[in-house]
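# A structural walkthrough
Residue-level listing of the chains:
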Amino acid sequence: MLTLMRNCRHLCKKAPFHFSYFPSVSPGSTNSTCTFQVQSLNYSTCHTIQGCDTWKRTRPPWRVMFFGTDDFAVESLKALNEFSKTTGALVEKLEVVTLPAAMPKELPVRKYAKQHKIVVHEWPSVGTCDQFDVGVVVSFGRLLPEDLILQFPYGILNVHPSLLPRWRGPAPVFHTILHGDKVTGVTVMKVRPKRFDVGPILMQEKLSVPPECTAEILGAMLAELGAKLLLLTLEALPSCIANAREQPKEGATFAPKLTSALRWIRWTEQNCKQIIQLHRALGKRMPLQTLWMGHTLRLLDIVEAHTILGTAENLMQYKTNAGSIHYHKDSNTLLVHCQDGLVGVKALIMKKKLSAADFYNGYLHQYVSFKSSDNAAWQFQTPKLEVKEKTSVQKKEIGV
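Residues numbered from 1 in each chain as written. Predicted model: local features only at pLDDT ≥ 70, side-chain atom pairs only at ≥ 80, totals over all residues. Heavy atoms only, no water.

So, on to the overall build of the protein chain. If you tally the helices and strands in the protein chain, you get 12 helices and 18 strands. Buried residues in the protein chain amount to 45% of all 400 residues. Accessible surface, the protein chain as shown: approximately 21400 Å² in total, 53% of it carbon and sulfur. (Helix = DSSP H or I, 4+ residues; strand = E, 2+ residues; numbered from the N terminus. Buried < 20%, exposed > 50% of the residue type's maximum accessible area, 1.4 Å probe, protein only. Areas by Shrake-Rupley, 256 points an atom, 1.4 Å probe, with all protein chains shown as cover.)

In structure tokens:
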């Protein structure tokens, strides 16, 4: 017992600590348990004669292990790094865990960490975590094992770009745009093992989705909001954890990974709104595709037809079969008929990038001029193999 007290005093000699000793005897037992409580300005812990628990700080600055990969994660990492260098710093120590690079191009988180001389660990080798207070995971894409989570006195926090429980999963921003949500937001929660995005909520804030917003624009907005909420959470971490609330069971939706099958436009099945939302969600990352005369075309710039033609009467004059193409010379736009109307295509790729005028003059014009009897042959089409691919994707998504 005396040895334990001496060891505790030795550990605490650099800061003003208060020791309390509580001998206790269980009713009907001759065995006693001796408990020492050690408290300081920034730490609290409890020691018994059987062993010692991990030191646990009660206020900033925190020692943070950051897990992340992409540009969304960089915004939070940047905030943590900047607040580790200010007076009254929120972060005392910061290290990074990221994934091995699958391509020659470096992951954004690794690149930022190297530029700012932050120690980097490559998953699954995370080093020792006993010198950290809390973990932070942002867009990491890996389930963290329970034994890793438990190594951090305050566990691991996750910054998730949706209003959980809506859009749990790896692609919440894209599904927010794809489904036309008007409101989204960011959730800071505690990570639980074995399942993604089910932990208790520490902080949450709403964000209105701007009209005609793309996934790239919304992702940048949510990354900035997420970094702000993360700092606010860390400023009052013990209080946030103590007041965490479980996610409601109602309203849970899933945001599975994007697949190449999504990029094929189904002209007979999808309406104008769905195609436009699909383009805004995927367009820059995975341009939408269609078939034309056996060639795969990537559609780069898809717009709403009413912004070109204006009135409903003007739209009606182009009404024909789904997939039919009309060239609108005044606006340099290909008008394509879908399930319930028209969408406009400004540019595409067929071997090389072409404007609507280039495609019409170089390819489409000859079929329109000769009024080919087989109109379906020069319409935009969806490949038949897409149905089979879609089925396998649906099965995979059910298991998410």
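There is more to say after this.
Applying the stated criterion across every chain, the model contains 10 aromatic pairs. Both rings, one in Trp 292 and one in Tyr 363, keep their centres 6.3 Å apart while their planes meet at 80°; by these two values the pair is edge-to-face. You can see Trp 292 sitting in strand E13 (residues 288–292) and its partner Tyr 363 sitting in helix H11 (residues 356–369), a full 71 residues away along the chain. Exposure remark for Trp 292: the relative accessible area of 2% places this residue in the buried category. For Tyr 363, a relative accessible area of 28% translates into the label partly exposed. Judged by centre distance (4.6 Å) and plane angle (15°), the rings of Tyr 327 and Tyr 360 are stacked. Separated by 33 residues along the polypeptide, Tyr 327 in strand E15 (residues 325–328) and Tyr 360 in helix H11 bring together distant segments of the chain. Tyr 360 sits in the buried class, given a relative accessible area of 16%. Taken together, the ring pairs connect Trp 267, Trp 292, Phe 359, Tyr 363 and Phe 380 into an aromatic cluster. In this structure, Lys 56 packs its charged tip against the face of Tyr 154, placed 4.7 Å from the ring centre. (Phe/Tyr/Trp six-rings, centres within 6.5 Å; stacked < 30°, edge-to-face > 60°. Lys NZ or Arg CZ within 6 Å of the ring centre and 35° of its normal.)

Within E13, 5 of the 5 residues are buried, leaving the element largely enclosed by the surrounding structure. Here E13 shows no split at all, with Leu 288, Thr 290 and Trp 292 on one side and Gln 289 and Leu 291 on the other all buried. Hairpin connection from E13 to strand E14 (residues 295–304): 2 residues lie between these consecutive antiparallel strands, with Met 293 at a positive phi of about 55°. (Pairing = 2+ DSSP bridges.)

It is worth spelling out the side chain of Asn 158 at this point. Mapped onto the elements, Asn 158 comes out in strand E10 (residues 156–160). Take Asn 158: its relative accessible area is 7%, and that puts it in the buried class. Only 2.8 Å separates the side chain of Asn 158 from the backbone oxygen of Val 137, close enough to count as a polar contact. The residues contacting Asn 158, other than those within four sequence positions of it, are Val 137, Val 138, Thr 187, Val 188, Met 189, Val 191 and Asp 197. (Polar contact = N/O pair within 3.5 Å; in protein donor to acceptor, adjacent residues only side chain to side chain. Contact = heavy atoms within 4.5 Å.)

On to the nonpolar core, then. Counting 75 residues, the largest nonpolar core has Phe 66, Leu 80, Leu 234, Trp 267, Trp 292 and Phe 359 as the members making the most contacts within it. Element by element, the count of residues in this core is highest for helix H6 (residues 215–235), at 10 residues. Trp 123, Cys 129, Phe 140 and Leu 144 belong to the second largest nonpolar core, which has 16 residues in total. (Core = buried A, V, L, I, M, F, W, Y, C linked by side-chain atoms within 4.5 Å.)

What follows concerns the pattern of salt bridges. Summed over all chains, the structure comprises 10 salt bridges. The salt bridge involving Glu 304 is made with Arg 280; its shortest N-O contact spans 3.4 Å. You can see Glu 304 sitting in strand E14 and its partner Arg 280 sitting in helix H8 (residues 272–282), a full 24 residues away along the chain. Look at the salt bridges and you will find they share partners, linking Arg 57, Arg 63, Glu 92 and Asp 133 into a network. (Salt bridge = Lys/Arg side-chain N within 4 Å of Asp/Glu carboxyl O.)

Per-residue pLDDT for the protein chain averages 82, and the proportion of residues at 70 or more is 76%. In the predicted structure, residues 44–53 sits below a pLDDT of 50 and forms 28 contacts with residues beyond four places in sequence or in another chain. Contacts from residues 386–400, a stretch scored under 50 in pLDDT, to residues over four places away or in other chains number 11 contacts. (pLDDT = per-residue confidence, 0-100.)

Next up on the list: the pairing of strand E6 (residues 62–68). Burial runs high along E6: 7 of the 7 residues are buried. On E6, burial covers both faces: Trp 62, Val 64, Phe 66 and Gly 68 on one face and Arg 63, Met 65 and Phe 67 on the other are all buried. Strand direction decides the pairing type here: E6 and strand E7 (residues 91–98), joined by 6 bridges, are parallel. Across the sheet, residue Trp 62 finds its bridge partner in E7, namely Val 91.

Time to look at the sheet that holds strand E9 (residues 134–138). Taken in spatial order, the 7 strands of this open sheet run E8-E7-E6-E9-E10-E11-E12, and their pairing is mixed. Each end of this open sheet is capped by a strand with a single partner; those strands are strand E8 (119–122) and strand E12 (201–208). Put simply, the sheet's adjacent strands are angled 20° from each other on average, direction ignored. Relative to E9, E6 runs parallel, the two sharing 5 bridges. The residue of E9 that forms the bridge with Gly 68 is Val 138. Those strands touched by helix H2 (residues 71–82) are E6, E7, E9 and E10, and its axis lies near 165° from that of E6. (Axes fitted to C-alpha atoms, helices over the stretch in contact; angles between N-to-C directions.)

Our focus in this paragraph is unusual backbone geometry. Note: most residues except glycine have negative phi, and most peptide bonds are trans. Between Pro 60 and Pro 61 the backbone carries a cis peptide bond, its omega angle lying at 5°. Its place among the elements puts Pro 61 in the loop between strand E5 (56–57) and E6. The linkage connecting Leu 164 with the following residue, Pro 165, adopts the cis geometry, with an omega of 15°. Locating Pro 165 in the fold gives a position in the loop between E10 and helix H5 (172–178). Of note, Lys 194 is a non-glycine position whose phi angle comes to about 80°, a positive value. Structurally, the position occupied by Lys 194 is in the loop between strand E11 (183–190) and E12. Given the relative accessible area of 72%, Lys 194 is considered exposed.

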